[in-house]
Amino acid sequence: MKAFLKRHVLWAGFLAVLVPLTVMLVLQYRWLVELQTKSAIAHEATLKNYLEAVATKSEYHYKELATAALNLPAWMFIENRLDKAAYHFDKFMKKGPLGVKRFFVLSFVREDHGKALVYEPSIPAMEPPASAAEQRAIYVAAAPWWMLSEKRDVVETEALSVDERDPENRLIIHPVLDAESRVVGLAGLILDHRFFRDRLLPKVIDKSMPYFFSEADQKNLRVVVRGAKRDKLEEKFEAERAMAFVFRDYRIGLSSKDMNPKDWAQANFVLNMGLSAAIAVVLLGGVALALRTASREMKLSQMKNDFVSNVSHELRTPLASIRVFGEFLRLGRVTDPAKVSEYGEYIETESRRLTGLVNNILDFAKIESGRKTYRFESADLTDVVCETLKTFEVRLRHSGFEIRFDQPERPLPKVWLDADAIGQAVSNLLDNAVKYSGSARAIDVAVGQDNGYVMVSVKDQGIGISRDEQTKIFERFHRVSTGLVHDVKGSGLGLSIVNHIVQAHKGAVTVDSEPGRGSRFAIRLPVEETAGA
Ligand code: ADP
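From a predicted model like this one, the values you see are computed outputs, not experimental measurements. (Residues numbered from 1 in each chain as written. Predicted model: local features only at pLDDT ≥ 70, side-chain atom pairs only at ≥ 80, totals over all residues. Heavy atoms only, no water.)

Draft legend 1. Geometry of the site of the ligand. If you check the shell around the ligand, you find 20 residues, and the closest are N432, Y436, R479, S491 and L495. Separating an oxygen atom of the ligand from a backbone N or O atom of S491 is a distance of 2.8 Å. For the ligand, the protein covers 98% of the area, taking 520 Å² as the surface of the free molecule. For the shell around the ligand, the secondary-structure elements that each account for two or more residues are α11 (419–435), α13 (494–504) and β16 (518–526). Here the shell around the ligand is composed, by residue class, of nine nonpolar, eight polar and three charged. (Near = heavy atom within 4 Å. Polar contact = N/O pair within 3.5 Å; in protein donor to acceptor, adjacent residues only side chain to side chain. Areas by Shrake-Rupley, 256 points an atom, 1.4 Å probe, with all protein chains shown as cover. Helix = DSSP H or I, 4+ residues; strand = E, 2+ residues; numbered from the N terminus. Nonpolar A, V, L, I, M, F, W, Y, C, P; charged D, E, K, R; others polar.)

Set out below in structure tokens:
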């Protein structure tokens, strides 16, 4: 478990951020959705309540008025004293404008059967109606009551009834009943629709507002009144309703001038979710970046550890041989001149190898700190390669390697190069070819020209490199950690130094390899640029 955690600590860290973040986002999403629906519902309910309040207030006004004003005693009709009604109506008229155009009475008692009398405030007295339209409206509305009175039916209620068939002359009628609950006449009023439209309704609309909406909301609210017969506004309102009791063909609609709370909720939802998502993305990006850096650092530190152990090993082996051969020579145990020369050669090659290794490490340090400098000169690549091969000769001969060197027939064009650096690069390639040859003993070195470049290639028939690894082997400290390579010691710096040197020459190093069949590394240096530089 511990080992598992240690290996996957970065993933665990990532999950530790990802999981709570996802939970938080999901919860926030749900809250926001809930908030959005709830605020939309609340908004709709407020609008509806407001409209209902407006309708109820208007209804209340007319019902109260009609109940008080039309409450005439039955004896006025029975005793034919309808002139008295004038005093009754006069009291109401004096109260100020109430939205009544005309008060009227209509008696079903024999003597003046079915004759309407309207209250004439200027006299004041009850007079026959002067307007034909008003008269017609009264008779049309009175007809059913007349029939009831004719039949002498008993009427259950004294309730007010409304007739709005003529929109200019809307009536409220109150049946007057005798002691036996029979209709003896009607008291009614004709409504002043202008008063309703221009005074009552606007007043009710304004006065109800503060009970339902804040000041800001009031400013944003648009109230539209439609008298059904006239304004055919084909508009979609957030809420609308018809008036109650009278003026039932009037509708009030509500809509918001700019954004309504539903839109606000929606916009808020989008904004909130967007912000959260952006923050989540940035956070995850940051965490991923931090984890990547940490992972790289961990890998690098692992590689450095390997590097130290590999280099120590590489240093120890040649040093041990040098010490043993040196001791032999010092103690005079070997006297045969051929043997002495052979041991001397060993010491020389091993020290060369050590020098190469130390050079690599020093170079790497310089490259890393940006202190590596080059001394460019115009030179022939073939000469540099020949020189390098010479230093390898003894070692190769001893280990039984056969080197084929393929030189061009015509001399190569000179290129602008640092002979030491290129020599070191070629030497690193040769060193690898020897190290990773396995049981194969053939190495092909070729120098040539290729499309504006001079090129040196080193080809072995060794263990090869898998396609995956081919891109990574040029990274510092990287060593292939599977297969045969395990047994071969190295610092993991060789190819990264080759790559750096070649890039400093504006050239390129490529690898062409197949596991088990060998590798071919090629360095190309541009002819014109380097030569002309
Ligand atoms: P080192 O040889 O010191 O390990 P290098 O940077 O020279 O470091 O090489 C990196 C890795 O590339 C080696 O560890 C080895 O796995 C692989 N490699 C390099 N050259 C060859 C080659 N000629 N054949 C097979 N593998 C090679």
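Draft legend 2. Inspection of helix α6 (residues 193–212) at higher detail. Between its first and last C-alpha, α6 extends 27 Å over 20 residues, near the 28 Å set by a 1.5 Å rise per residue. The sharpest bend along α6 reaches about 35° and sits at L200, with the proline P202 one to four residues further on. Taken together, the buried positions of α6 are occupied by H193, F195, F196, L200, L201, V204, I205, S208 and M209. Lining the buried residues of α6 we find α2 (9–69), β6 (183–191), α7 (215–220), β7 (221–227) and β9 (250–256). By the N-cap criterion, in which a side-chain oxygen at the helix start approaches the backbone nitrogen of a residue two or three places on, α6 is capped by D192, the distance to R194 being 3.1 Å. (Expected span 1.5 Å × (residues − 1). Bend = angle between axes of the 7 residues up to and from the residue. Buried < 20%, exposed > 50% of the residue type's maximum accessible area, 1.4 Å probe, protein only. Contact = heavy atoms within 4.5 Å.)

Draft legend 3. Representation of a nonpolar patch on the surface. Side chains of L15, V19, V23, L27 and W31 sit close together on the surface and give an oily, nonpolar patch of about 480 Å² of accessible area. Tracing the sequence through the fold places V19 in helix α2. (Patch = residues over 30% accessible without salt bridge, like charges linked within 9 Å, V, L, I, M, F, W, Y side chains within 5 Å. Salt bridge = Lys/Arg side-chain N within 4 Å of Asp/Glu carboxyl O.)

Draft legend 4. Layout of the packing of aromatic side chains. The full count for this structure, using the stated rule, is 20 aromatic pairs. Residues F89 and F103 carry aromatic rings whose centres are separated by 4.5 Å and whose planes lie at 5° to one another, so their mutual orientation is stacked. Taken together, the positions of F89 in helix α4 (residues 85–94) and F103 in strand β1 (residues 100–107) put the pair 14 residues apart, joining distant regions of the chain. With respect to burial, F89 and F103 carry one shared label: buried. Through successive ring pairs, a cluster of aromatic residues spans Y62, F196, F247 and Y250. Against the face of F245 rests K63, its NZ or CZ located 5.0 Å from the ring centre. The ring of F401 has R441 sitting right over it, with the charged end atom 4.5 Å from the ring centre. (Phe/Tyr/Trp six-rings, centres within 6.5 Å; stacked < 30°, edge-to-face > 60°. Lys NZ or Arg CZ within 6 Å of the ring centre and 35° of its normal.)

Draft legend 5. Fine view of the sheet that holds β16. Ordered in space as β11-β13-β14-β16-β15, the five strands form an open sheet in which the pairing is mixed. Lying at the two open borders of the sheet, with one neighbouring strand each, are β11 (402–406) and β15 (508–514). Within this sheet the neighbouring strands show an average axis-to-axis angle of 15°, counted without direction. Where β15 and β16 come together, seven bridges link them in antiparallel fashion. (Pairing = 2+ DSSP bridges. Axes fitted to C-alpha atoms, helices over the stretch in contact; angles between N-to-C directions.)

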